[in-house]
Amino acid sequence: MRPDFIAERLNALQEYINQVLMNPILASSLPTKKFIDPDSYSTPFHDLALQYASMSLRTDGVYTLGQSLGPIGWRLRKHYFKVVHKPQGNKHSPGHSTTKHHLIKSSSQSHGKQHTTQVCVTTSTEKDYNSSTRDHSGRDDLILSWTEFGPDRYIDEKEIHTVLKNFGGVQHPYIVPIEHIASNDSGALVIRKFYKQGSLKDVLCSASPCNPFLSKYGSPKGRTPLPLKDLALYARQILEAIRFLHSKGMACGHVHCGNVIVVDGIAKLMDVENFIFGVPSFYRPFFVQHSKINTCEAIDVYGFGHLLYEMCMGYPLQDSYARQINDCPDSLKSLLESILSKDACKSSLPTLDQLTTHPFFGEYAGHFNDLYATTIAVQKPHLKFSTSAKEQLKLAVQKTENRVRDEQRSVKNQKRLVRVQEMMTSEEEKKKIKQKAKHEQKQAKLRAQNSLQLNNGPPTTGSAGITATVHLSSSTGGIVKSDSANSITSPQEALMSPPPHATDSGGSTSPQPPPSAPPIPGPLSSVPLFAAGSDPTQAPGSSATGKQLAKSISGDEPTTGNRSALLQSICNFNKSGLKKVVSPAEAGGK
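Now for a look at the structure at hand. Remember, predicted model here, so these are calculated numbers, not experimental data.

Across its full length, the protein chain holds 23 helices and eleven strands. Split into buried and exposed, the 590 residues of the protein chain put 39% on the buried side. In the protein chain, the proportion of contacts linking residues at least 24 apart, taken out of those at least 6 apart, comes to 69%. Carbon and sulfur atoms make up 53% of the accessible area of the protein chain, which amounts to about 33,500 Å² in all.

Packing of helix α13 (residues 296-313) against helix α14 (residues 330-340) leaves a shortest axis separation of 9 Å and a crossing angle of 140°. Relative to α14, the element α13 lies oblique. As for how α13 packs across α14, the hand of that crossing is left-handed. Only Leu-332, Leu-335, Leu-336, Ile-339 and Leu-340 of α14 make contact with α13, whose side of the interface consists of Val-301, Tyr-302, Phe-304, Gly-305, His-306, Leu-308, Tyr-309 and Cys-312. Taken together, the residues of the contact of α13 with α14 break down into eleven nonpolar, two polar and no charged.

This paragraph deals with the nonpolar core. Most often, soluble globular proteins have nonpolar side chains that are buried together. Grouped together as the largest cluster of nonpolar side chains are 94 residues, with contacts concentrated most on Phe-167, Leu-200, Tyr-302, Phe-304, Leu-307 and Met-311. The greatest single-element share of this core, amounting to twelve residues, is contributed by α13. The contacts of Phe-304, once residues within four sequence positions are left out, are Ala-235, Leu-239, Val-255, Ile-339, Leu-355 and Phe-361. Grouped together as the second largest cluster of nonpolar side chains are 13 residues, Phe-81, Val-83, Leu-142 and Leu-144 included.

The pairing of strands in a sheet comes from backbone hydrogen bonds and takes either a parallel or an antiparallel form. Ordered by their spatial adjacency, five strands build an open sheet running β1-β2-β3-β5-β4, and the pairing between neighbours is antiparallel. One side of each edge strand has no neighbouring strand; the edge strands of this open sheet are β1 (63-70) and β4 (180-183). Recorded for the sheet is a direction-independent mean angle of 25° between the axes of neighbouring strands. Each of β1, β2 (78-85), β3 (142-148), β4 and β5 (187-193) is contacted by helix α4 (residues 45-60), which is oriented at about 165° to β1, the strand it contacts most.

Moving on, we come to a nonpolar patch on the surface. Nonpolar side chains collect at one region of the surface, where Leu-13, Tyr-16, Leu-21, Phe-35 and Ile-36 lie side by side and expose about 510 Å² of accessible area between them. Put simply, the parts of the chain that give the nonpolar patch at least two residues each are α1 (3-21) and α3 (30-36). Within the secondary structure, Leu-13 is located in helix α1.

Once that is clear, we can look at helix α7 (residues 157-167). What α7 keeps buried is the set Ile-160, Val-163, Leu-164 and Phe-167. Around the axis of α7, the buried residues are gathered within 95° of arc, so they sit on the same side. Turned more than 90 degrees away from the buried face of α7 sit Lys-158 and Lys-165, all of them exposed. Here the buried face of α7 lies against β4, β5, α10 (228-247), α11 (274-277) and α19 (387-455).

Positive phi, normally seen in glycine, also occurs at Ser-206, with a value near 55°. On the secondary structure map, Ser-206 appears in the loop between α8 (200-205) and α9 (213-217). Residue class for Ser-206 comes out partly exposed when judged on its relative accessible area of 46%. The backbone of Asp-264 sits at a positive phi, close to 55°, despite the residue not being glycine.

Another point: the state of the cysteines. Evaluated as defined, the whole model comprises zero disulfides. This cysteine, Cys-328, is not joined by any disulfide, and Cys-312 carries the nearest cysteine sulfur, 4.7 Å off. By relative accessible area, Cys-328 is classed as buried at 17%.

The subject of this paragraph is empty space enclosed by the protein. Counted under the stated rule, the structure contains six cavities of 30 Å³ or more. Its volume calculated, the second largest cavity comes out at about 160 Å³. As for the second largest cavity, its lining consists of 16 residues, of which Asp-152, Gly-253, His-254, Phe-275 and Thr-400 are closest to the centre. Contributions of two or more residues to the lining of the second largest cavity are made by α11, α12 (284-287), α13 and α19. Of the residues that constitute the lining of the second largest cavity, the class distribution is eight nonpolar, six polar and two charged.

Let's shift gears to the packing of aromatic side chains. Applying the stated criterion to the full structure yields 14 aromatic pairs. Centroid distance Tyr-309 to Tyr-315: 6.2 Å. Interplanar angle 80°. Geometry classified as edge-to-face. When its relative accessible area of 6% is taken as the criterion, Tyr-309 is described as buried. With centroids separated by 5.2 Å and ring planes inclined at 40°, the aromatic side chains of Phe-360 and Tyr-364 adopt a geometry described as tilted. Here the residue Phe-360 and the residue Tyr-364 both occupy positions in helix α17 (residues 359-364), the gap between them amounting to four residues, near one helical turn. With respect to class, Phe-360 is no different from Tyr-364; both count as buried. Following the ring pairs from residue to residue traces out a cluster consisting of Trp-74, Phe-282, Tyr-283 and Phe-286. The ring of Tyr-217 has Lys-201 lying over it, and the distance from NZ or CZ to the ring centre is 5.2 Å.

A few words on the pairing of β1. Counted residue by residue, β1 has eight buried out of eight residues, so it is predominantly covered. When β1 meets β2, the two strands line up antiparallel, connected through five bridges. Bridging from a neighbouring strand, Leu-65 pairs with Val-83 of β2.

Scanning the model with the defined rule gives 15 salt bridges in all. With a shortest N-O distance of 3.6 Å, Arg-284 and Asp-152 are connected by a salt bridge. Here Arg-284 is found in helix α12, whereas its partner Asp-152 is found in the loop between β3 and α7, with 132 residues between them in sequence. Neither Arg-284 nor Asp-152 differs from the other in exposure class; each is buried. Across the salt bridge formed by Glu-407 and Arg-284, the nearest N and O atoms sit 2.8 Å from each other. Taken as a pair, Glu-407 in helix α19 and Arg-284 in helix α12 lie far apart in primary sequence, 123 residues in all. Salt bridges sharing common partners tie together Lys-78, Arg-192, Asp-271 and Glu-273.

Scoring rules and cut-offs
- Residues numbered from 1 in each chain as written.
- Predicted model: local features only at pLDDT ≥ 70, side-chain atom pairs only at ≥ 80, totals over all residues.
- Heavy atoms only, no water.
- Helix = DSSP H or I, 4+ residues; strand = E, 2+ residues; numbered from the N terminus.
- Buried < 20%, exposed > 50% of the residue type's maximum accessible area, 1.4 Å probe, protein only.
- Contact = heavy atoms within 4.5 Å.
- Areas by Shrake-Rupley, 256 points an atom, 1.4 Å probe, with all protein chains shown as cover.
- Axes fitted to C-alpha atoms, helices over the stretch in contact; angles between N-to-C directions.
- Parallel < 35°, antiparallel > 145°, perpendicular 65-115°, else oblique.
- Left-handed = near helix turned anticlockwise from the far one by under 90°.
- Nonpolar A, V, L, I, M, F, W, Y, C, P; charged D, E, K, R; others polar.
- Core = buried A, V, L, I, M, F, W, Y, C linked by side-chain atoms within 4.5 Å.
- Pairing = 2+ DSSP bridges.
- Patch = residues over 30% accessible without salt bridge, like charges linked within 9 Å, V, L, I, M, F, W, Y side chains within 5 Å.
- Salt bridge = Lys/Arg side-chain N within 4 Å of Asp/Glu carboxyl O.
- Arc of directions from axis to C-beta.
- Disulfide = S-S within 2.5 Å.
- 1 Å grid on protein atoms, 1.4 Å probe; cavity = no way out; pocket = protein on both sides within 12 Å on 5 of 7 lines; lining within 4 Å.
- Points joined across faces, edges and corners; volume = space filled by probe spheres on them.
- Phe/Tyr/Trp six-rings, centres within 6.5 Å; stacked < 30°, edge-to-face > 60°.
- Lys NZ or Arg CZ within 6 Å of the ring centre and 35° of its normal.

This is a description of form; function is not addressed.
As structure tokens, this is what we get:
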């Protein structure tokens, strides 16, 4: 429970969560959602979807809800079911047919292996029923997807039914057609043809479309990039589908490999109605980090770039921009860098029209324009909205872009706060390091002073003279070391002698005595015995004492009694008799 340990673990956990949330597959999984926000994700989403879908089809009387396909998609509030046409001419009530059929309720919230087995394994009765249905009616298998409305649904409840009804009649060679679409206050359901080969992402990962999303794409068996010609052809087809939607005043916002179906060499975009439902985009955690990607067209171009990258490399880009792009031709590299490079995301992305004229498509899909002209001559694109629906779509585009900008500003402010906190933490750490260094320096100085005091010994004298200064205390007669070497000073002289430039009461400077005469020849000729400028042999009343002291120190007289004489002469020394004169050097300077 140490505070530093808890803080370290808190930072490590936050970094781990950030890494998890940067992975779109993990960020969209139910375990991650429950860990981040357990209160909001404890709802039984699958049971609610089953209830709404059953009620919607019960009043329709055309389709019968079949087996749940489980968590095959990444959205937690989007669920998939098999659906079949009701046999005509039966005498039973709606929802009941002469053919044995089970409405299976799945526990998709657990995402467990038991549920996976239940979804992927089909009973013999269901096989016989499906095969007989295809044999007699000649109709393909259908899949129903129920989606709850998202936070970006800005179309009024009164107008959304009209908008969905108009959109249900969309026709385009590169858009998957819609068999049936309906909505209520909570969400909407869409019925389409079921493609057994799965989406383009299933093809790239060699995965079965009926397996759970995490097992299919979290650890796929293998990844197979597309040949360059197929890549260029599929990319141009998807690009034309996106351009068609924008020409009708509607955005897509959900361009990724999971929303692309390849049938007989033709790539088709599906789930384009997600913009009307207002559900978040698969790459929303990525483009909210870049403030320049703030329009619906830029969002679609950004998703198209990720689609190109995954088709080229075989695996998705796990970051908001590509740090380095290799292993592809120069023309494709230029196209990817124009969308996914760091500079492109910070400045501006190309438009949809600019992408169609890129040299890459001219090099690997040069015949596409002729092919597209022939295709639309056979199947003319069609999507018509009423005037009120157009106004609602225009308003929805504006509000969606405003919400993206607000969220981008929030992300930017949050990043700024994190940087400020890191800087403050680093400054505090620097201050602690400096204080610690100063404390260590003080401790080192104290240890050095203590060691010097312990190593210094008592003063010694020899034949060469006095090598240390001795202070003799008048009260105790003790010996004290002095700060200046080669000088002997009494305690009274040290206390009573004024500084060299002391002033008297009159404010005039007292002159200092001139330097003494040449010292006595001998070993101590270079060592002054008294204060600078004083000559004890010239002081009144102390001539005999000074001569005796000089002789005793110089070794002219026996050393017997010298110590007592020295102590007596120092104690009886009269400093008041000294006179200060100006030295020649000082006189010349003045």
